[in-house]
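If you want the building blocks of each chain, they are given just below.
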Amino acid sequence: MADKKQSKKAGSEAAEIRKPVGAVMVVGGGVGGIQASLELANMGYKVYLADSSPSVGGVMGMLDKTFPTNECSMCILSPKMVEVASNINIEVITLADVLSVEGEVGDMRVKLRIRPRYVDIGKCTGCGDCTAKCPVKIPDPYNAGLDTTRCIRVPFPQAVPGAAVIDPEVCRWLTKEKCGNCVKVCQAGAVDFDQKEREETFQVGMVIAAPGYRPFDAGRKTEYGYGVNQNVVTSLEFERILGANGPTQGHVVRPSDGEEVKKLAFVQCVGSRDTTVGNGYCSSVCCMYATKQALIAKEHLPGIEPTIFFIDMRAYGKDFEKYYTAAESRHGVRYVRGLISGIRERQRTKNLLLRYADEAGCTQEEEFDLVVLSIGLEAPCGLKEGLGLEVNEYGFAEADPFLPVLSSRPGVLVCGAAQEPRDIPDTVTQATAAAGIASQALHGARNTLLTRREHPPEKDVGGEEPRVGAIICRCGSNIGGFVDVPAVVEYAKELPGVVWAEERLYACSQDAQDWIRQVVEENGLNRLVVASCTPRTHQPLFRETLQSAGVNKYLFEMANIREHCSWVHMQEPENATRKAQYLVKMAVEKARRLEPLVEGESGVIPRGLVIGGGVAGMNAALNLAASGFQVYLVEKEDELGGLARNIHFNLKGEDVQAYVKELADRVEREELITAFTAHEIVDVGGFVGQFKTLIRDAEGRETLLEHGAVIVATGGGQYQPTEYLRGEDGRVLTQWELEKRIAEKDPALADVERVVMIQCVGSREEERPYCSKVCCTEAAKNALALKELSPRTEVFVLYRDVRTYGFREDIYREAREAGVVFSRFDDDVRPDVRDVAGTLQVRVPDANLAGEMVVLNTDLVVLSTGITANPDNAALAPMLKVPRNAEGFFLEAHMKLRPVDFATDGVFVCGLAHAPKSIEESVSQAAAAAARAESILSKDKIVTEGVVAVVDADKCSGCGICLQLCPFEAVTYDEEKKVAVVNTSLCKGCGTCTAACTAGASRLQGFRSDQIFEQIEAAASAWRE
Amino acid sequence: MAEESKKNDEEDIRILAFLCNWCSYAGADLAGVSRFQYPPNVLDVRVMCTGTISPYFVIKAFQEGMDGVLIAGCHIGDCHYLKGNYMTAKRFQVLREALKFLGLEEGRLRLEWVSAAEGEKYADVIRSFTEEVKALGPSPLRGKKAAKAEVGA
Amino acid sequence: MSDLKTIVKEKLAGGADAFLCLKNEEGTVLPALITDADSPDLEFVDVGESRYPLGRILIDLQREYPDKRFAVLVRGCDERALIELSKLEQIDLDRLVMVGVACSTEEAEACGCPRPYPGDIALGEKVEAAPGREVIDEVESLGDAERLGWWKEQFSRCIKCYGCRNICPMCFCKDCALENPHLVEPGVIPPDFPSFHIIRALDMTGRCIDCGLCEEACPADIPLRSLYRKMQDIMEDKLEYRAGGSVEEKNPLSFLGTEHDIEKLEQE
Ligand code: SF4
Ligand code: SF4
Ligand code: FES
């Protein structure tokens, strides 16, 4: 990388020189761009979010589900999109391409070309009247062209902005000055054919590039007959077929005849790991998305028989392995190792004959109804031209080997798949990291360009009779397909207190929010019930909307008629409808008793605490310091460095030891960081903004640290094997021991004639059913290094799947080219290592040779040992009030969209504490965690929840039971009045105290007993109807 | 007529589930997202933590004619509020024994720990609890309010 | 052994600002607060056979006179009540002198008290008695449906006079759950089955000190004492706590405890 040194400076030093501009241009409105924008706005910067398409959302917006939780993609993305739309500090610029980027860190000028939409976003309500009257049919891009839409249309129901757009190429008016129906029919007068393409330059401090990727053009692999064979579709198309809001409403049918699919095949690695199309890399996500699609297809059509044809099953991420094994063993997804060499269509049936070489090398043929090509990810356009970035041989942005968000160009950060194929959580992590790095350069200008949202003053609804409005959401067909929504609306209308009820296709879409505001105002509603999905994801959105209508946001209640109803009673629509009605009744009854709540405020100590001084911890600390915050860094060991001290060089040959040392030096030099080595955490008290942590050194001396946020970077451990003669025979090494000897250029290595590496030692086993993610790459890397050291040395790698995802695939290929022999063994067998009269011998049935036993006499056996969770996590978790998973790694708040957050406010996680990962991934996560912490530390106050306990002093007899029941010690005793008092900024709102108060003096606001009693009564009375 | 309504009653088992927001409600969400099907006889009340669940809530539910009451929260050690569910565990023991002494069948009240990742477990719990309550039949405490409603109707 | 009158005088002389006990004026037994040795009431002070929850008066007295010291006449049950009330911040034992009286054999047997004498006995002779278990045994011999029927019949006699609550030495809530319309429908007699009585039983769990005043007060002869006693058995069995014991013991329903406690509890 040309100016790596320079780009490293991008973060901090350059910013000191002149006053930066407190705004950032984010290029690309997919999940990465959305995340970066929200973070930046939250940290106090003005954001321009430019996307070349007419709506933000990116590819994630087209996905039906996400792995490995099978969560509905749109359901988790949509609230974020709406947040983008409603954040006044984020300016969304659609149909925009970057023409040029000029200037330096802190002061950059981005020139955009903005294509005309021909619809005034400010006027369009997204009603769809124009679409109904537009005569020009076009393939619907949102549905991957599988069905049609009209030339003028809202891109998709949840689009942001939720306004229509006209395709100028086919518009009759724009091409022939004919028609103009839309202008006539639009009551809002939003259609504007006078709009012209224009160029505009934006002044910003930094640029974050998040343009995502380009799907591989499947037509290039002619042997699969994509575009010729009707029943061969791409995975993106299949995603839309699975989508309940897709062209077939989620029915798994074939394009040729609309028949239900019985035999379904997935062809993996289409356009990936394939040098013939110039893509030597692995696309990292296809194995998992194919597994997901197979599972979802089965869910939609239980009789379907999905088969996945693959080379290696790359289930390397957190919980991926469990997902994959469950798919195979419990859900009947068939996995076949084999490379598809050709697809032939049967003329009459349009069925497809797949020809493939099985592992034994024999050619097989099998017939399928539908074939899905798992297409890879290619580099997006515009990295080089518009953004001026250097790209690698595959066209992806060149990046710093340790912190990949740093591009070749200072001032331009890059995140997500534009830099390397990656999945959603990694993209979100990087986007967050990029926001943090940008802030390091710009923090001098924080809050300078910010506009603050004033909600309309809250209407005083105190003495008013409850006027409840009820919205019943169809959620496309997710609810509407199983629940008789009109019947629920009718039922709701009859409920006491309900003055208005209506249904809505997507209650969460952007235009729906405007509509809600309007109906609240028009009908004088003072309580709102939305019957849709789970309040866990959507309540904040609706509350915000309610607030913008001048109604206290706590006067809101949700009925979950999707996750808890339509989706779990899919075979019994009548019962589902009745249950939905009952749930609505319960929500309405509670809503009638809701009262406006006031939120409290509490201060923030602008200091961070980082627990763990490994690579992740040191980076987190340095990042926070670079943004101008004081940091305490607590490390258990006597010296900083952690597990990375065992790694000597990375894929690009960089010296990891030097890197670790440099980090430690920087930590030492950094005045804002106070490092406490050989200290342990004794106790953590307090809460977001005001933590108090007690630490202790070896002599038992204690120090109390006060800080506003915590970053958990406790690292991991290495599995200590006892199998394979480890510990008994000195010729059995671990991968790290070998690496050390390579790095030290141990001369003895040159004489080694044969080395056998064994993969998955301690990983993907019953006790640790996860993939350690790094060992395959590590083995390939060391094998190659051995070969370089002495080409004569024979290297065998015994593996189960080679999981060299992303650009790591290159090193796997290079290793094979250098003569390293990779030989696979089955999941249910293990190689046998023994000492035969002084000769070290490895025996293993080779899966590629139909299980034939291979016997290798060898000089060295190298074990690729897995990564384990840090046992200290067990003690730390309860102190921090955060959960761990079954394997002992910390469990983040949300697998996809909150990868470094905990559910507990103000506590974040990064590195191996979270899951096994590579160094650069740890560094990215550390930057992300620091950014998240910064979003707290950069505020002068935190607004606390309204759901807290309060004690009615008149009713309290001062028995004091509640005092000792509070896990957060939020309740104190007023000695004078002899009553209990709740400190609302400490109270977390669990209600444990309230349940003990026999007098009902202590009440949890928003969950008062009388409100719950009403819910119970509503449930009971509904049933009695 | 009486026979018929009794039969209907047997089918129409009413279960009220109190779910804590962070684990069990999320587990129920996951059951939904994963499309695990279970009987529709359960209505749920979301509370922030099972610690909020006063024994009064359960009494109220039975009083109102519920045939079964489920309390589901985070596993011990996983409570989002640390120890809220400790109190749930203790209160539950007392409550269950009290109801037993009163003569309400033990099977009508259940406490389960269901994590956010246990969608399948949630569905299983609902399935098996529904079966169990169905086998017990309508609650003997159902009568009064039901009768009242009939009079009203 | 000296008589009550002497003791009252002694205590007043020895630093107590007032003495709370009962007086018997021509057959009418009433509480009496003696503040000085010349009080005319002193003539009528009497241990007698009557029982009265003096603790309830003490709560108010101690609140009203935060720097006064009181002496009080206690039987075994009164002492248990005061100990439990002190854990509930209602009574300040530091400002209290208890003068103990042991119940007579007849009294003890008639009452069925688990411990018919206080820690320090100033008056009377210590005798033991055994609480009756007949009712509990009878109920436990029944199957579910019969039990329910049995209780239903008992509770159906309730006239909702609130006598049990009003006499209870352990009741002090300002707002009573039994008057919460969500739980107990107002104006309905007998009260909703079983919520009224089960709620009281639950609230008494870990609190009832087994004095039996409720059952004595109940005009409908509902075996309340047995019900609450069973609740204490449950409490002892599951959570290893019995109300009225030593001041040091804490009620497990009033503190969180450790993960270990809960795991143990769940294993059973
Ligand atoms: S609601 Fe929970 S956190 Fe709040 S005071 Fe009560 S016990 Fe403490
Ligand atoms: S439990 Fe109720 S009565 Fe007792 S101190 Fe707390 S609020 Fe007051
Ligand atoms: S938050 Fe789930 S039990 Fe406390």
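Residues numbered from 1 in each chain as written. Chains lettered and ligands numbered in written order. Predicted model: local features only at pLDDT ≥ 70, side-chain atom pairs only at ≥ 80, totals over all residues. Heavy atoms only, no water.

## Section: the overall build of chain A
Consideration 1: Per the secondary structure count, chain A includes 26 helices and 52 strands.
Consideration 2: For 1025 residues, the compact-globule formula gives about 31 Å, and the C-alpha radius of gyration of chain A, at 30 Å, lands near that figure.
Consideration 3: Along the three orthogonal principal directions, the C-alpha set of chain A runs to about 90 × 80 × 65 Å.
Consideration 4: For chain A, buried positions account for 63% of its 1025 residues.
Consideration 5: Total accessible area computed for chain A in this model is approximately 37000 Å², and 47% of it derives from carbon and sulfur atoms. (Helix = DSSP H or I, 4+ residues; strand = E, 2+ residues; numbered from the N terminus. Rg over C-alpha atoms; globule rule 2.2 N^0.38 Å. Buried < 20%, exposed > 50% of the residue type's maximum accessible area, 1.4 Å probe, protein only. Areas by Shrake-Rupley, 256 points an atom, 1.4 Å probe, with all protein chains shown as cover.)

## Topic: the site of ligand 2
Consideration 1: If you check the shell around ligand 2, you find Val951(A), Cys956(A), Ser957(A), Gly958(A), Cys959(A), Gly960(A), Cys962(A), Ala980(A), Cys997(A), Ala1001(A) and Ser1002(A) and nothing else.
Consideration 2: Taken together, the residues that form the shell around ligand 2 break down as 7 nonpolar, 4 polar and no charged. (Near = heavy atom within 4 Å. Nonpolar A, V, L, I, M, F, W, Y, C, P; charged D, E, K, R; others polar.)

## Considering the interface of chain A and chain C
Consideration 1: The partner chain C presents 20 residues to the 22 residues of chain A that form the contact.
Consideration 2: Contact with chain C buries surface across chain A, with Ser957(A), Gln964(A) and Thr998(A) losing the most and accounting together for 33% of the total.
Consideration 3: Across the pair Asp175(C) and Lys955(A) runs a salt bridge whose closest N-O atoms are separated by 3.2 Å.
Consideration 4: The tally of links between chain A and chain C comes to 6 residue pairs in polar contact (both at pLDDT 80 or more).
Consideration 5: Elements with a minimum of two residues in the side of chain A that touches chain C: helix H25 (961-965) and helix H26 (1009-1024) of chain A.
Consideration 6: A total of 4 residues in the side of chain A that touches chain C trace back to one element, the largest contributor, which is H26(A). (Contact = heavy atoms within 4.5 Å. Buried area = accessible area lost by both parts, 1.4 Å probe. Salt bridge = Lys/Arg side-chain N within 4 Å of Asp/Glu carboxyl O. Polar contact = N/O pair within 3.5 Å; in protein donor to acceptor, adjacent residues only side chain to side chain.)

## Looking at helix H17 (residues 573-593) of chain A
Because an α-helix completes one turn every 3.6 residues, residues spaced three or four positions apart along the sequence face the same direction.
Consideration 1: Here H17(A) is 21 residues long and its end C-alpha atoms lie 31 Å apart, about the 30 Å a rise of 1.5 Å per residue gives.
Consideration 2: The buried fraction of H17(A) is high, at 15 of 21 residues. (Expected span 1.5 Å × (residues − 1).)

## As for the packing of helix H11 (residues 424-442) of chain A against helix H24 (residues 919-937) of chain A
Residue and element names in this part refer to chain A.
Consideration 1: Two numbers describe how H11 lies on H24: the axes approach to 7 Å, and their chain directions differ by 60°. Classified by the interaxial angle, the pair formed by H11 and H24 is oblique. You can see that H11 and H24 cross each other, and the crossing is left-handed. Of the residues in H24, those in contact with Asp426, Thr429, Gln430, Thr432, Ala433, Gly436, Ile437 and Ser439 of H11 are Glu921, Ser924, Gln925, Ala927, Ala928, Ala931, Arg932 and Glu934.
Consideration 2: Looking at the contact of H11 with H24, its residues break down into 5 nonpolar, 7 polar and 4 charged. (Axes fitted to C-alpha atoms, helices over the stretch in contact; angles between N-to-C directions. Parallel < 35°, antiparallel > 145°, perpendicular 65-115°, else oblique. Left-handed = near helix turned anticlockwise from the far one by under 90°.)

## Re a negative patch on the surface
Consideration 1: A contiguous patch of negative charge, built from Glu393(A), Glu788(A), Glu814(A) and Glu817(A), is present on the exposed surface.
Consideration 2: Inspection of the secondary structure puts Glu814(A) in helix H22 (residues 808-817). (Patch = residues over 30% accessible without salt bridge, like charges linked within 9 Å, V, L, I, M, F, W, Y side chains within 5 Å. Lys, Arg positive; Asp, Glu negative; His and termini not counted. Charge placed at Lys NZ, Arg CZ, Asp CG, Glu CD.)

## Concerning the site of ligand 1
Consideration 1: Among the 14 residues in the neighbourhood of ligand 1, the closest are listed as Cys966(A), Cys987(A), Cys990(A), Gly991(A) and Cys993(A).
Consideration 2: Across the shell around ligand 1, the residue classes tally to 10 nonpolar, 3 polar and 1 charged.

## Points about the interface of chain B and chain A
Many authors give the size of an interface as the accessible area that is lost as the parts come together.
Consideration 1: Taken together, the 55 residues of chain B in the interface contact 55 residues of chain A.
Consideration 2: Of all residues in chain B, Arg35(B), Leu43(B) and Tyr81(B) bury the most surface against chain A, accounting for 15% of the area lost on that side.
Consideration 3: At the junction of chain B and chain A, the tally comes to 4 salt bridges.
Consideration 4: Among the salt bridges present, the one from Arg536(A) reaches Asp29(B), with a minimum N-O distance of 2.9 Å.
Consideration 5: Connecting chain B to chain A are 17 residue pairs in polar contact (both at pLDDT 80 or more).
Consideration 6: Among the secondary structure elements, those contributing two or more residues to the side of chain B that touches chain A are strand E1 (15-20), helix H2 (24-33), strand E2 (42-47), helix H3 (55-63), helix H4 (84-102) and helix H6 (143-152) of chain B.
Consideration 7: Counting residues per element, the side of chain B that touches chain A draws most heavily on H2(B), which supplies 8 residues.
Consideration 8: Residues belonging to the side of chain B that touches chain A are distributed by class as follows: 33 nonpolar, 10 polar and 12 charged.

## Brief notes about the pairing of strand E20 (residues 352-357) of chain A
Residue and element names in this part refer to chain A.
Consideration 1: Sheet topology places strand E19 (residues 339-345) next to E20; 6 bridges connect them, and they run antiparallel. Note on E20: the bridge partner recorded for Ile340 is Tyr356.
Consideration 2: Linking E19 back to E20 in an antiparallel pair, the connection comprises 6 residues, with Lys350 at a positive phi of about 60°.
Consideration 3: Two successive antiparallel strands, E20 and strand E21 (residues 363-368), enclose a turn made up of 5 residues, where Gly361 displays a positive phi of approximately 90°. (Pairing = 2+ DSSP bridges.)

## Quick notes on the pattern of salt bridges
Residue and element names in this part refer to chain A.
Consideration 1: Overall, the coordinates contain 114 salt bridges over all chains when judged by the stated rule.
Consideration 2: Where Glu639 meets Arg645, a salt bridge forms, and the shortest distance between an N and an O atom there is 3.6 Å.
Consideration 3: A single salt-bridge network, built from bridges that share partners, covers Glu420, Arg422, Lys773, Arg808, Glu920 and Glu921.

## Regarding the nonpolar core
Consideration 1: If you look at the biggest cluster of nonpolar residues, it comprises 189 residues, and the most contacted ones within it are Ile472(A), Phe542(A), Ile561(A), Val584(A), Leu16(B), Phe18(B) and Trp151(C).
Consideration 2: With 10 residues, the top contributor of residues to this core is H4(B).
Consideration 3: Apart from the residues within four sequence positions on either side, Leu16(B) is in contact with Met586(A), Ile1016(A), Ala1019(A), Leu43(B), Val45(B), Ala61(B), Met66(B), Gly68(B), Val69(B) and Leu70(B).
Consideration 4: Judged by nonpolar contacts, the second largest core, of 94 residues, contains Leu77(A), Ala616(A), Leu663(A) and Ile919(A). (Core = buried A, V, L, I, M, F, W, Y, C linked by side-chain atoms within 4.5 Å.)

## Thoughts on the domain arrangement of chain C
All names here are of chain C.
Consideration 1: Along its sequence, chain C is carved into domain 1 (2-111) and domain 2 (134-267).
Consideration 2: Ranking the residues of domain 1 by area buried against domain 2 places Arg51, Arg56 and Glu84 at the top, with a combined share of 33%.
Consideration 3: Our enumeration of links across domain 1 and domain 2 arrives at 1 salt bridge.
Consideration 4: We note a salt bridge from Glu216 to Arg51, for which the minimum N-O separation is 2.7 Å.
Consideration 5: Linking domain 1 with domain 2 are 13 residue pairs in polar contact (both at pLDDT 80 or more).
Consideration 6: If you tally residues by element for the side of domain 1 that touches domain 2, the top one is helix H3 (residues 76-87), at 8 residues.
Consideration 7: Tallied by class, the residues present in the side of domain 1 that touches domain 2 amount to 9 nonpolar, 2 polar and 5 charged. (Domains from an automatic or database assignment.)

## Some words on the sheet that holds strand E2 (residues 28-34) of chain C
All names here are of chain C.
Consideration 1: Ordered by their spatial adjacency, 4 strands build an open sheet running E2-E1-E3-E4, and the pairing between neighbours is mixed. A strand with exactly one partner marks an edge of an open sheet, and here the two such strands are E2 and strand E4 (96-100). Each neighbouring strand pair of the sheet contributes to a mean axis angle of 30°, computed without reference to strand direction.
Consideration 2: Inspection of the sheet shows strand E1 (residues 18-25) paired to E2 by 7 bridges, in the antiparallel sense. Across the sheet, the residue bridging to Leu20 is Leu33, located in E2.
Consideration 3: Where H3 meets the sheet, it contacts strand E3 (70-74) and E4, and its direction lies at approximately 135° from that of E3.

## Some remarks on the side chain of Ser195(C)
Residues and elements named next belong to chain C.
Consideration 1: Tracing the backbone through its elements, the reader meets Ser195 in helix H8 (residues 195-204).
Consideration 2: Judged by relative accessible area, Ser195 falls into the buried class, the value being 1%.
Consideration 3: A polar contact is formed between the side chain of Ser195 and the backbone oxygen of Leu183, at a distance of 3.0 Å.

## With respect to unusual backbone geometry
Consideration 1: With an omega dihedral of -5°, the bond running from Phe67(A) to Pro68(A) counts as a cis peptide bond.
Consideration 2: Note that Pro68(A) resides in the loop between strand E3 (65-66) and strand E4 (71-72).
Consideration 3: Omega for the bond connecting Ile189(C) with Pro190(C) falls within 30 degrees of zero, at -10°, which places this linkage in the cis form.
Consideration 4: Structurally, Pro190(C) is set in the loop between helix H7 (163-167) and H8.
Consideration 5: Backbone geometry places Ser284(A), a non-glycine residue, at a positive phi of 70°.
Consideration 6: Note that Ser284(A) resides in the loop between strand E16 (263-270) and helix H9 (286-300).
Consideration 7: Given a relative accessible area of 7%, Ser284(A) falls into the buried group.

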